[in-house]
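Commentary on secondary and tertiary structure
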Amino acid sequence: MFSRVLIANRGEIALRVLRACRALAIEAVVAYSEADRETLAVQLADEAICIGPPDARRSYLSASALISAAVVTGCDAIHPGYGFLSEDAAFAEAVRAHDVAFIGPSPDVLERFASKDATRRLLAAHGLPTIPGSGIVRDEQDALDEAQRIGYPVLIKPSAGGGGKGMRMVRTPRELETSLTVCRSEAKAAFGDDSVYLERWLEDNRHIEVQVAVDRFGRGVHLGERDCSVQRRHQKIVEEGPTPVLDASARRDLADSAVRAIVAAGYENVGTLEFLVDREGRAYFIEINCRIQVEHPVTEMLTGIDLVATQIRIAAGEPLGFGQADVTTTGHAIEFRINAEDPEQEFRPSAGVVERYIPPGGPWVRMDSHVYGGYEVPPYYDSLLGKLIVWGPDRAAAIARGRVALDELVLEGLPTNLAIHRALVDSDVFLEGRMTTNLLDRVGAAAFLAGAVAV
Amino acid sequence: MATDPVSRRAAARPPIDGGGAERGPAAGDAGAASPVDASVRSGAAQAAVAPADGPVDVRAEISRLASDLVPSLAAALVAGDLAELEIRQRGWRVRVRRNADGGAAADIDAAGARRRLGARAAIDRHAAERERGRSDARADGGESQRESRSSDGPVPGDAARPTGATSTNGTAAAGDDAGTRRRGERGDAFRVVATSPAVGLFRLGTGMRPGTRVRSGDVVGIVDVLGVPQEVTAPVDAIVMHALVEDDQAVEYGQSLVELERASGDASNPFGGGVVAVPIEPGAGSAEGRND
């Protein structure tokens, strides 16, 4: 096991990793940018080291700054959190080259799953259904031919992308022609790679993902699924498990097929396979996340398994220590992402001082957040302020508990998206489990918030 | 450790008092200190803290103090064989102290510097509160807590004290009322530090020793980042005082590494010590002004 881990991230996930380190009796060194000096993880760390200015390219995205910080503070491992360099094979390789362990899949595994297109083909070969789509499109004519074959509407997706950036849905050949150039340049700007592919657009789909954990010895388990269909502009805002739209046997089949395919494809450590599920309940594999995810607490609440600790143990070379039969999911869990966003200004990210913060409490209520009264939210990074996670013996009980906790939560001083969560837990569409990934965008999040639309 | 904003700002500004030479060389020079700074301080984090009377008036005041008051204070200091003199006049506190070589000299500290320290106090307040379990803890607690946590970091104790402070034979120097740990950040306008460009291992530049004269931009040391040296440069023309960390010690981004004394005025002038002039704020007689 590691003795000292450098946490190469910020915000709530830095704190989450720090807590996992504490639980495993590992010392935690927090790497922070000048903008994060006041953050809670820095204050709680065994040691904290400033790695650069607020600009992430010179701090959290700087491989040399992070690795140097790990080396000079005597760390034997780096935890990359999520985002930033968490799935960067070159970073993982550079970390290893300095005799430091990367807490995540090994570099060759990251490399194998780096391209979405290649991953889809690889996992399709191992039995996972994928959305009918193209390979990387060569040129406009190729794109038009492929779209014809797949059937409109189609989604243009960047091969190197993530987080919904650079994606566009087109309904006609004419729209495809005009959008292709735009998508390519957006992909180039965002990911440094302008290759795109096409996928059939599924109307009214649900986003369901399977959590897996695979050790270095090829032993893997799934830890159930999460339904992340409440999204705004391709960003998840509420996640829950189990999904309300599949029955127990369909859920088990999906999870079993996912873990079988991913073990066969040589994956290691914790990861998430994302699927879109259409109105008829057919699941299509879309992509894999080779890291811990924001919504991992949902699974922790359902299974009682500490996913970050599991991730660290696997990276240290330990066997998983439990099998599929040992994993049971109980009850229902929901996570609400509390973001610094202004609902009155189209959910624009906000920054400022948290003047008052009172987290909710009570049984089966968990608040993962790095903020505190007086904390200043810097404007440089993502807008996640924290995650409220609740558990109940069934979905209705979890929602009821979530409603109480959301009412209890006080976070003042800057605009947040709390209102949309409060509206959600009182909306028929959420209560009846009818959310689809495009619903909020279709009706307009502001209109939904105002209760002005019947959905 | 953060870059010392006080020294860097003071150092980066041109002299504003053209008449300083015969009135004590550094008075005008150091008059570039902080009231002006405070008003132009940008960035989202802190509100501007311009003095109510405005920068122009402050400059005029500093100029007046330098020409009218400082020479007489310096004379009194020498005549009376005193280590330090302080007087309060029309909203200003002016402090003159003797240098190591027996001379006296001038720098003017002002409200902006103290306000920035106030901001720093706010930054460290939460750590301090946690440590002390009380809500009124101030900067000292936060600072010492931070330093104790960073085992590889420097502890700016005696070694980090500017010479002005160590020269007073036990007489309290300016800033000592705020605690020795913070002495180094107090804003002696002569004191300048070269800071770390990156995370790595520090090495003092060859030939760098106390008294070495360097020009702005000269390399005074390096930080080894995974085998790649990155230069630590002097921010202004200066004289090397000493390294604040030892060779091969781990340093973080922005950390103060080498202390320098700003080269200014005529080096042969006996007035090389310090004058500190601070606008007196209501109720701010002892503590650092908070930034809110």
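Details of the structure are given in the entry above.
The notes below deal with the structure included here. Quick caveat: nothing in here was measured; it's all calculated off a predicted structure. (Residues numbered from 1 in each chain as written. Chains lettered and ligands numbered in written order. Predicted model: local features only at pLDDT ≥ 70, side-chain atom pairs only at ≥ 80, totals over all residues. Heavy atoms only, no water.)

Secondary structure summary: chain A contains 16 helices and 23 strands in total. Relative to the compact-globule value of 23 Å for 455 residues, chain A shows a C-alpha radius of gyration of 21 Å, a close match. Taken along its principal axes, the extent of the C-alpha atoms in chain A is 60 × 50 × 45 Å. When each of the 455 residues of chain A is scored for burial, the buried share is 60%. Within chain A, contacts between residues separated by at least 24 positions form 65% of all contacts whose residues are at least 6 apart in sequence. Accessible area of chain A: about 16700 Å², with a carbon and sulfur share of 49%. Across chain A, the mean location of the 48 positive side-chain charges is 2 Å away from that of the 65 negative side-chain charges. (Helix = DSSP H or I, 4+ residues; strand = E, 2+ residues; numbered from the N terminus. Rg over C-alpha atoms; globule rule 2.2 N^0.38 Å. Buried < 20%, exposed > 50% of the residue type's maximum accessible area, 1.4 Å probe, protein only. Contact = heavy atoms within 4.5 Å. Areas by Shrake-Rupley, 256 points an atom, 1.4 Å probe, with all protein chains shown as cover. Lys, Arg positive; Asp, Glu negative; His and termini not counted. Charge placed at Lys NZ, Arg CZ, Asp CG, Glu CD.)

Once that is clear, we can look at the overall build of chain B. When helices and strands are tallied, chain B shows 7 helices and 12 strands. Counting every position in chain B, which comprises 292 residues, the buried fraction comes to 54%. Considering only intrachain contacts with a sequence separation of at least 6, the fraction spanning at least 24 residues in chain B is 68%. When the accessible surface of chain B is totalled, it reaches about 12100 Å², and 50% of it is carbon and sulfur.

Residue and element names in this part refer to chain A. With 4 of 5 residues buried, strand β9 (residues 196-200) lies mostly within the body of the structure. Sheet topology note: the strand β6 (residues 133-136)/β9 ladder contains 2 bridges and is antiparallel. Along β9, the bridge assignment pairs I136 with Y197. With 5 bridges connecting them, strand β7 (residues 154-158) and β9 associate as antiparallel partners. Counterpart to I156 in the pairing with β9 is L198. (Pairing = 2+ DSSP bridges.)

Turning our eyes to something else, we now look at the nonpolar core. One broad rule of soluble globular proteins: the nonpolar side chains tend to lie buried together. Ranked by size, the top nonpolar core spans 89 residues in total, and within it L6, I78, F113, L123, I262, L273 and F275 of chain A carry the most contacts. When near neighbours in sequence (up to four residues on either side) are disregarded, F275 of chain A contacts L128, R206, H207, I208, V210, L254, A258, A283, Y284, F285 and I286 of chain A. (Core = buried A, V, L, I, M, F, W, Y, C linked by side-chain atoms within 4.5 Å.)

Residue and element names in this part refer to chain B. Pairing in this open sheet of 4 strands is antiparallel, and the strands run β4-β11-β9-β6 from one edge to the other. Edge positions in the open sheet fall to β4 (191-195) and β6 (213-214), since each of these has one partner strand only. Bridge analysis of β6 against strand β9 (residues 238-243) gives 2 bridges, and the strand direction is antiparallel. Opposite V214, over in β9, you have A238 as the bridge partner.

Our focus in this paragraph is the sheet that holds strand β12 (residues 235-241) of chain A. All names here are of chain A. A sheet is described by the order of its strands in space; here 8 strands give the open sequence β14-β13-β10-β11-β12-β15-β22-β20, paired in antiparallel fashion. The sheet terminates laterally at β14 (283-289) and β20 (365-369), the two strands that pair on one side only. Averaged over all pairs of adjacent strands, the angle between strand axes in this sheet comes to 25°, irrespective of strand direction. Examined bridge by bridge, strand β13 (residues 269-277) and β14 share 6 bridges and lie antiparallel to one another. (Axes fitted to C-alpha atoms, helices over the stretch in contact; angles between N-to-C directions.)

Looking now at the state of the cysteines. Residues and elements named next belong to chain A. This model, assessed by the stated rule, comprises 0 disulfides over all chains. The thiol of C50 is not disulfide-bonded; the next cysteine sulfur, from C75, is found 15 Å away. By relative accessible area, which is 0% here, C50 ends up buried. We classify C75 as buried; its relative accessible area is 7%. (Disulfide = S-S within 2.5 Å.)

The next point concerns the environment of I103 of chain A. Residue and element names in this part refer to chain A. Locating I103 in the fold gives a position in the loop between β5 (101-102) and α5 (107-112). I103 sits in the buried class, given a relative accessible area of 1%. Residues I103 and I314, spaced 211 residues apart in sequence, show a C-alpha to C-alpha distance of 8.2 Å. Other than its neighbours up to four places away in sequence, I103 contacts F2, V5, A77, I78, H79, P80, Q311, I312 and A315.

Residue and element names in this part refer to chain A. At a closest axis distance of 10 Å, the pairing of helix α3 (residues 63-72) and helix α4 (residues 89-97) adopts a crossing angle of 30°. When the axis of α3 is compared with that of α4, the two are roughly parallel. Considering how the two elements wind past one another, α3 and α4 form a crossing that is right-handed. Facing A63, L66 and I67 of α3, the residues of α4 in contact are F91, A94 and V95. Taken together, the residues that form the contact of α3 with α4 break down as 6 nonpolar, no polar and no charged. (Parallel < 35°, antiparallel > 145°, perpendicular 65-115°, else oblique. Left-handed = near helix turned anticlockwise from the far one by under 90°. Nonpolar A, V, L, I, M, F, W, Y, C, P; charged D, E, K, R; others polar.)

Residues and elements named next belong to chain A. Backbone torsion omega between Y152 and P153 reads -5°, so that peptide bond is classified as cis. Cis geometry marks the peptide bond from G241 to P242, where omega comes out at -5°. Along the chain, P242 falls in the loop between β12 and α9 (248-264). At D204, a residue that is not glycine, the phi angle is positive and equals roughly 50°. Mapping D204 onto the fold places it in the loop between β9 and β10 (206-214).

Each aromatic ring pair is characterised by the separation of its centres together with the angle its planes make. Residue and element names in this part refer to chain A. Under the criterion given, the structure shown has 8 aromatic pairs over all chains. Between F113 and Y267 the ring centres are 5.5 Å apart and the planes differ by 80°, which places this aromatic pair in the edge-to-face class. On the criterion of sequence distance, the pair formed by F113 in the loop between α5 and α6 (116-125) and Y267 in the loop between α9 and β13 is long-range, its members being 154 residues apart. For the residue pair F113 and Y267, the accessibility class agrees, reading buried in each case. Between F275 and F285, the aromatic rings sit 5.9 Å apart at their centres with planes inclined by 75°, giving edge-to-face as the arrangement. On the criterion of sequence distance, the pair formed by F275 in strand β13 and F285 in strand β14 is long-range, its members being 10 residues apart. (Phe/Tyr/Trp six-rings, centres within 6.5 Å; stacked < 30°, edge-to-face > 60°.)

A surface patch of like charges, here negative, comprises D139, E140, D145 and E177 of chain A. Following the sequence through the fold, E177 of chain A ends up in helix α8 (residues 173-191). (Patch = residues over 30% accessible without salt bridge, like charges linked within 9 Å, V, L, I, M, F, W, Y side chains within 5 Å. Salt bridge = Lys/Arg side-chain N within 4 Å of Asp/Glu carboxyl O.)

Turning our attention to helix α10 (residues 296-303) of chain A. Residues and elements named next belong to chain A. Across the 8 residues that make up α10, a large majority, 7, are buried. For α10, the complete set of buried residues consists of H296, P297, V298, T299, E300, L302 and T303. In the segment just after α10, G304 is the residue with positive phi, at about 75°.

Turning next to α9 of chain A. Residue and element names in this part refer to chain A. Compared with an ideal rise of 1.5 Å per residue, which puts 17 residues at 24 Å, α9 spans 24 Å between its outermost C-alpha atoms and is within 8% of the ideal. Here α9 has its buried residues at L254, A255, S257, A258, V259, A261 and I262. Remark: G266 follows α9 within two positions and exhibits a positive phi of approximately 85°. (Expected span 1.5 Å × (residues − 1).)

Here we take up the pairing of strand β2 (residues 27-33) of chain A. Residues and elements named next belong to chain A. Among the 7 residues of β2, 6 are classified as buried, and the element is accordingly described as predominantly covered. Sheet analysis places strand β1 (residues 4-7) next to β2, joined by 4 bridges and oriented parallel. Bridged to L6 within β2 is V29. After leaving β1, the chain enters helix α1 (residues 11-23) and then returns to the sheet as β2, a path that is right-handed. (Right-handed = clockwise from strand over helix to strand, strands pointing away.)

Worth remembering: the numbers are spatial, not functional.
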